[in-house]
Structure formats: C-alpha cells, structure tokens
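# Fold and geometry: a report
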Amino acid sequence: MMKETIYDIAVIGGGPAGIMAAGTAAAAGAKVILIEKNEALGKKLLITGKGRCNITTANTDPKEIISAFGKNGRFLFSPIHTFGVEAVIDFFNSRGLATKVERGQRVFPVTDKSEDVLKVLTTFLKKHKVKTIKNHKVLSLFKKRKQIKRVETNHGEVYANNFIICAGGAAYPTTGSSGDGYKWAESLGHSIVSPTPTLIPIRTKEKWVKELQGLSLKNVSITAYQDNKKQAERFGEMLFTHDGLSGPIILDISQKIGKLLADGEVKISIDLKPALDFPKLDTRIQRDFQKMSNKLVRNSLDDLLPKKLIPVIIDLSKIDPEKKINSITKTERNRILHLLKEFSFTVHSLYDFNKAIATAGGVNLKEIDSKTMKSKIVDNLYFAGEIIDLNGPTGGYNLQMCWSTGYLAGKNAFSKTTKKKGK
Ligand SMILES: Cc1cc2nc3c(=O)[nH]c(=O)nc-3n(C[C@H](O)[C@H](O)[C@H](O)COP(=O)(O)OP(=O)(O)OC[C@H]3O[C@@H](n4cnc5c(N)ncnc54)[C@H](O)[C@@H]3O)c2cc1C
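How each quantity is defined
- Residues numbered from 1 in each chain as written.
- Predicted model: local features only at pLDDT ≥ 70, side-chain atom pairs only at ≥ 80, totals over all residues.
- Heavy atoms only, no water.
- Helix = DSSP H or I, 4+ residues; strand = E, 2+ residues; numbered from the N terminus.
- Areas by Shrake-Rupley, 256 points an atom, 1.4 Å probe, with all protein chains shown as cover.
- Lys, Arg positive; Asp, Glu negative; His and termini not counted.
- Charge placed at Lys NZ, Arg CZ, Asp CG, Glu CD.
- Salt bridge = Lys/Arg side-chain N within 4 Å of Asp/Glu carboxyl O.
- Buried < 20%, exposed > 50% of the residue type's maximum accessible area, 1.4 Å probe, protein only.
- Near = heavy atom within 4 Å.
- Polar contact = N/O pair within 3.5 Å; in protein donor to acceptor, adjacent residues only side chain to side chain.
- Nonpolar A, V, L, I, M, F, W, Y, C, P; charged D, E, K, R; others polar.
- pLDDT = per-residue confidence, 0-100.
- Contact = heavy atoms within 4.5 Å.
- Pairing = 2+ DSSP bridges.
- Axes fitted to C-alpha atoms, helices over the stretch in contact; angles between N-to-C directions.
- Core = buried A, V, L, I, M, F, W, Y, C linked by side-chain atoms within 4.5 Å.
- Expected span 1.5 Å × (residues − 1).
- Patch = residues over 30% accessible without salt bridge, like charges linked within 9 Å, V, L, I, M, F, W, Y side chains within 5 Å.
- Phe/Tyr/Trp six-rings, centres within 6.5 Å; stacked < 30°, edge-to-face > 60°.

## Here's the deal with the overall build of the protein chain
Counting its secondary structure elements, the protein chain contains twelve helices and 20 strands. Referenced to the eigenvectors of the C-alpha coordinate spread, the extents of the protein chain come out at roughly 85 × 45 × 35 Å. Total accessible area on the protein chain stands at roughly 19,000 Å², and carbon and sulfur atoms take up 51% of it. Where the 67 positive side-chain charges of the protein chain centre and where its 42 negative ones centre are 6 Å apart.

Right under this line is the structure:
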C-alpha cells in the first residue's frame with residue numbers, strides 16, 4: 001500500500017528528536033514520513049518533568065552545556081551552535097507557548113503542562129504536512145550497497161531517499177523506547193557503546209525511609225562516601241520515595257553511585273542545613289531550645305525542619321519525644337546536630353532501565369558527523385536524540401540535546417536530498 005510513494009525522508013520514532021527532525025525537514029520543503037510504533041506521538045515527552053516538561057535549560061552558555069554532557073559533550077558543539085537554547089525557547093514562544101524559568105535554570109511551559117509542548121510539536125508537523133503513521137512498528141531497515149532503500153514495519157514497507165533514526169534509548173521502555181534502534185544501527189554497520197541506565201532513583205537499606213515518602217527538600221547537599229572517603233557531592237533539590245531517594249541531585253549522582261557500587265558499599269549523607277556549619281547550627285539549635293524550653297522534645301525542631309522529618313530525626317536521636325526540651329542533655333543535642341548535618345543512608349541498589357530517566361551509551365559518536373548528524377558508515381542515514389551516545393544531567397539538558405540534534409538531522413537530510421536532485 002505504501003510502496004508507491006518514495007519519501008524524501010523517513011523519520012523513525014515520534015519522540016522529541018524525531019518530531020523536531022521531521023518538522024524541520026518538512027518546513028524546508030521535504031516530503032517526510034514519521035513512523036511511530038505507539039498509538040500516539042511523544043508518550044515519553046508527556047511524562048517529562050513530572051508531566052510539566054522541563055523543555056530546556058536557561059543556561060545559554062554553550063561551553064557550560066557542552067561540559068554538562070561530560071567527555072562526549074564536545075560532539076554537541078555544532079548542534080548547540082546551530083539550534084541552541086535560545087532557538088528552542090524561541091521555537092516554542094513563537095508558536096504561542098509561553099515559558100518560564102524555575103530554580104536551577106529549568107525552563108517549563110507557563111501552563112505547567114507537557115501536553116501543551118506536544119501540541120506545539122504536532123501542530124508543527126501538521127502545518128508542514130508531515131505524513132505521520134502511528135501503530136507502525138519498524139522491524140528492520142534494508143541496505144543495498146551503502147544506501148538504505150526501505151524500512152519494514154509490521155504493516156508494510158516504507159520507501160525513502162534518506163532515513164533518520166530517532167527511536168530513543170532503552171530507558172523507561174513502557175513509553176516505547178525499548179532499545180529497538182540499537183540493533184538496526186548495528187545491522188547497518190554501526191557500533192554501539194553498551195547502553196546502561198542513568199539518572200536513576202536509589203533504593204536505601206533503611207526501610208523507614210518510607211515514612212518520608214513524598215517529602216521534597218530544597219537547598220540540601222548530599223555527599224556519597226565509600227570506605228569513609230568522599231566520592232561525590234551535589235547541592236540542590238531531592239525527594240524521598242517509598243523505598244529510597246530520588247529528585248534532581250540524587251538522579252544526577254546516580255551514575256557515579258552505580259560505578260562505586262561495583263567496588264563495595266556506598267553511603268549517602270544528607271546535609272539538611274548546608275548554609276550553617278556545625279558550630280553555627282549548634283548555636284541556632286541552642287537558641288531554639290531556650291526559646292521553647294518548656295515544650296516537649298517532639299516539638300523541638302518545628303522551626304528547623306519540615307513537619308514530616310521531625311519524628312524521624314527525633315526517633316533516630318533516641319531522645320524521648322515526650323520529655324521537656326529543657327531536660328535535653330548536651331550529648332543528646334549533639335546527636336540531633338549530627339543528624340541534621342549527616343542524615344545518612346546506605347545504598348541498597350539502583351533501579352534499572354524501567355525507572356531510568358536516560359540512557360548512557362548508544363550509537364558511537366565517532367561514526368556520526370556532528371555537523372550534520374549523518375552516519376559516516378551509511379550514505380543516507382542520520383541519527384538524533386537519546387539513541388546516540390550522549391546523556392546529560394537533569395535540568396532540561398537531555399531534551400535540549402534532542403531538539404538540537406533533531407533539528408540538525410532534519411535540516412541536513414533534506415539539503416542532501418535537494419542536492420542529489422539538483423534542485
Ligand atoms: C520520567 C522521565 C522524565 C523526564 N523528564 C525530562 C525533563 O523534564 N527534561 C528533559 O530534558 N528530559 C527529561 N527526560 C528525558 C527525555 O524524556 C528524553 O531525553 C527524550 O524523550 C528522548 O527523546 P527521543 O526522541 O530521543 O526518544 P523518545 O522520547 O524515547 O522517543 C522515541 C520514539 O521512538 C519510538 N520507537 C521506538 N522503537 C520504535 C520502532 N521499532 N518503530 C517505531 N517507533 C519506535 C518510541 O515509541 C518513541 O515514541 C525524562 C525522561 C523520563 C523517563
């Protein structure tokens with residue numbers, strides 16, 4: 001049925017990278033088909049930023065963005081210069097989606113709804129007449145000499161002159177990104193840097209963490225220790241879950257913890273009051289205790305901590321919550337002080353791909369031209385998005401990478417088509 005049409009470009013995967021690639025190519029005049037295996041586009045995009053979609057970062061310094069991606073970040077030099085943070089914000093603003101900047105330079109839609117981000121993208125596709133086929137699972141790509149000729153889906157074949165693979169990584173597979181693209185890339189001659197989950201919540205050995213489930217802490221610092229040696233540190237926002245720790249700084253430190261776990265036990269210490277050193281915090285506690293000397297211990301931390309945390313800290317301090325504050329001994333006060341500065345957990349394990357926000361590893365960057373996103377192995381093949389070996393921290397960096405690489409792939413796959421046709 002689809003055989004008679006030969007598209008300029010077939011884009012595989014209707015996530016942020018694929019939609020940006022397809023729309024960009026079509027806006028430049030290409031005849032584009034977008035193939036998505038789910039019943040809808042952007043399933044993962046809808047759950048980003050807890051349903052609010054942290055579209056990008058407000059950090060506009062290309063050098064800082066590149067360094068946020070670690071050693072592979074240099075690859076992003078060209079994509080970020082071509083379609084960087086300002087271009088992305090302008091893309092959405094100029095299409096009617098107002099944005100705002102929150103803590104940590106995170107950019108969100110003013111409406112706090114990821115559906116509104118997706119709406120802009122699907123309107124972009126419609127406006128430029130991208131043919132979108134949903135419920136079509138790509139099974140394989142067929143190459144003859146150095147050119148891909150067609151892709152086989154579960155509902156027939158699709159023919160095109162150029163192909164852009166944007167099938168995502170292997171994180172959160174329930175959204176459709178189940179790593180399918182890696183095997184096609186390999187079958188076409190590309191090498192894959194072994195995919196591993198990253199930005200993952202942590203399970204703790206302390207089961208009582210459940211009592212803190214849902215509590216979010218801002219402006220705390222966390223330190224990971226192995227054999228009493230400091231291994232990594234982060235400052236910012238975190239969250240307690242039913243069985244451990246999550247939230248931005250935990251997710252960002254998780255890759256390092258994963259590596260450390262291979263060598264033995266890892267402890268995470270949370271400094272609940274990083275702005276005050278031990279003596280200053282002690283003075284503050286003494287002042288609070290004097291002010292509330294006739295109150296019960298269970299109320300002693302009301303001015304210092306969120307409500308949910310107080311019974312847990314008092315319980316760990318082993319001070320009778322029903323006794324009066326004025327009977328707290330110096331040793332007991334010291335125990336509270338240490339709990340506030342070194343609220344410690346032992347890592348049980350990290351979650352796997354099912355709960356990971358991103359994938360580390362993917363299509364080897366050495367085999368992709370970063371100026372065009374074109375494969376160095378197959379003539380008419382491009383890649384964009386999470387499928388390539390790039391992963392950044394939380395804060396909108398990963399989506400920025402998808403917009404930048406998607407844009408570049410779409411733009412270049414079409415210019416190649418026009419050149420070929422001598423237009
Ligand atoms: C819970 C969660 C929250 C996140 N929050 C943020 C955030 O706020 N900000 C941020 O920057 N990043 C966030 N991320 C990361 C971000 O979602 C990803 O970086 C981004 O979605 C990757 O885009 P992509 O287009 O490369 O891949 P995907 O979004 O995974 O899209 C790939 C598409 O390809 C389709 N596909 C796969 N195989 C086939 C096949 N065989 N045939 C046809 N189609 C196929 C999939 O169904 C999917 O729709 C979050 C991730 C998760 C899991």
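## Here we look at the pattern of salt bridges
Across all of its chains, the model carries 19 salt bridges by this definition. The salt bridge involving Lys100 is made with Asp112; its shortest N-O contact spans 2.7 Å. Of the two residues, Lys100 sits in strand E4 (residues 99–102) while Asp112 sits in the loop between strand E5 (106–109) and helix H6 (114–127), which places them twelve residues apart along the sequence. Classification of Lys100 as partly exposed rests on a relative accessible area of 23%. Judged by its relative accessible area of 28%, Asp112 falls in the partly exposed class. Arg333 is the partner of Asp282 in a salt bridge, and the nearest nitrogen-oxygen pair spans 2.9 Å. Separated by 51 residues along the polypeptide, Asp282 in helix H9 (residues 278–291) and Arg333 in helix H11 (residues 330–341) bring together distant segments of the chain. Each member of the pair, Asp282 as well as Arg333, is classed as buried.

## Quick notes on the site of the ligand
Neighbouring residues of the ligand: 35 residues in total, closest Glu36, Val138, Asp180, Glu386 and Leu399. Take Lys37: an N or O atom from its main chain is 3.1 Å from a nitrogen atom of the ligand. Measuring from an oxygen atom of the ligand, one finds a side-chain N or O atom of Ser177 at 3.1 Å. Isolated, the ligand exposes 1,000 Å² of accessible area, and the fraction of that covered by the protein chains is 95%. Secondary structure elements with two or more residues in the shell around the ligand: helix H1 (16–27), helix H2 (43–47), helix H7 (180–187) and helix H12 (397–421). With four residues, H12 is the largest single contributor of residues to the shell around the ligand. Looking at the shell around the ligand residue by residue, the classes come out as 14 nonpolar, 15 polar and six charged.

## Points about the confidence of the model for the protein chain
Summing up the model confidence of the protein chain, the mean pLDDT is 95 and the portion of residues at 70 or higher is 97%. Scored below 50 in pLDDT, residues 419–423 shows four contacts in the model against residues more than four places distant or in partner chains.

## Some details on the sheet that holds E5
Sheet architecture is open: three strands sit in the order E3-E5-E4, paired in antiparallel fashion. At either end of the open sheet lies a strand with only one pairing partner, and these are strand E3 (56–57) and E4.

## Observations regarding the sheet that holds strand E14 (residues 244–246)
In spatial order, the strands read E11-E14-E13-E12-E15-E16; together these six strands close into a barrel with antiparallel pairing. Between one strand axis and the next, the sheet turns through 45 degrees on average, direction left out of account. In this structure, strand E11 (residues 202–204) lies alongside strand E16 (residues 343–350), joined through three bridges in antiparallel fashion. Bridge assignment links Thr204 to a residue of E16, and that residue is Val347. Across the sheet, H11 lies against strand E15 (267–271) and E16, angled at about 105 degrees from E15, the strand it touches most.

## A closer look at the nonpolar core
Looking at soluble globular proteins, one finds that nonpolar side chains tend to be buried together. Core analysis: the biggest nonpolar cluster contains 80 residues, and Phe92, Ile165, Ile388 and Trp403 have the highest contact counts within it. Considering each element in turn, this core owes the most residues, ten residues, to H12. Excluding its chain neighbours within four sequence positions, the residues that come into contact with Ile388 are Phe75, Gly361, Gly362, Val363, Leu365, Ile368, Met373, Phe383, Met401 and Thr405. With 49 residues, the next largest nonpolar core counts Val209, Leu304, Ile325 and Leu350 among its residues.

## Some points on the side chain of Asp116
Examined against the element boundaries, Asp116 turns out to sit in helix H6. Among the polar contacts made by the side chain of Asp116, one reaches the side chain of Thr111 at a distance of 2.6 Å. Look past the residues within four positions of Asp116 in its chain and what remains in contact with it is Leu97 and Thr111.

## Section: H6
For H6, with 14 residues, the first-to-last C-alpha span of 20 Å sits near the 20 Å given by 1.5 Å per residue. Buried residues of H6: Ser114, Asp116, Val117, Leu118, Val120, Leu121, Phe124 and Leu125, and no others. Following H6 by one or two positions, Lys129 has its phi on the positive side, about 60 degrees.

## Some details on the environment of Pro195
Position of Pro195 among the secondary structure elements: in strand E10 (residues 192–198). The partly exposed category is assigned to Pro195, whose relative accessible area is 25%. Between the C-alpha atoms of Pro195 and Tyr182, which are 13 residues apart in sequence, the distance is 9.1 Å. Ignoring sequence-local partners within four residues, the contact set of Pro195 consists of Tyr182, Phe353, Thr359, Ala360 and Gly361.

## Some details on a positive patch on the surface
On the surface, Lys71, Lys256, Lys259 and Lys366 cluster together to form a positively charged patch. As for its position among the elements, Lys259 is in helix H8 (residues 248–261). You can call Lys259 exposed: its relative accessible area is 59%.

## Concerning the packing of aromatic side chains
The full count for this structure, using the stated rule, is eleven aromatic pairs. Centre to centre, the rings of Phe69 and Tyr397 are 6.4 Å apart; their planes meet at 70 degrees, and the pair counts as edge-to-face. Of the two residues, Phe69 sits in the loop between helix H3 (62–68) and helix H4 (77–82) while Tyr397 sits in helix H12, which places them 328 residues apart along the sequence. For the pair formed by Phe69 and Tyr397, the shared burial category is buried.

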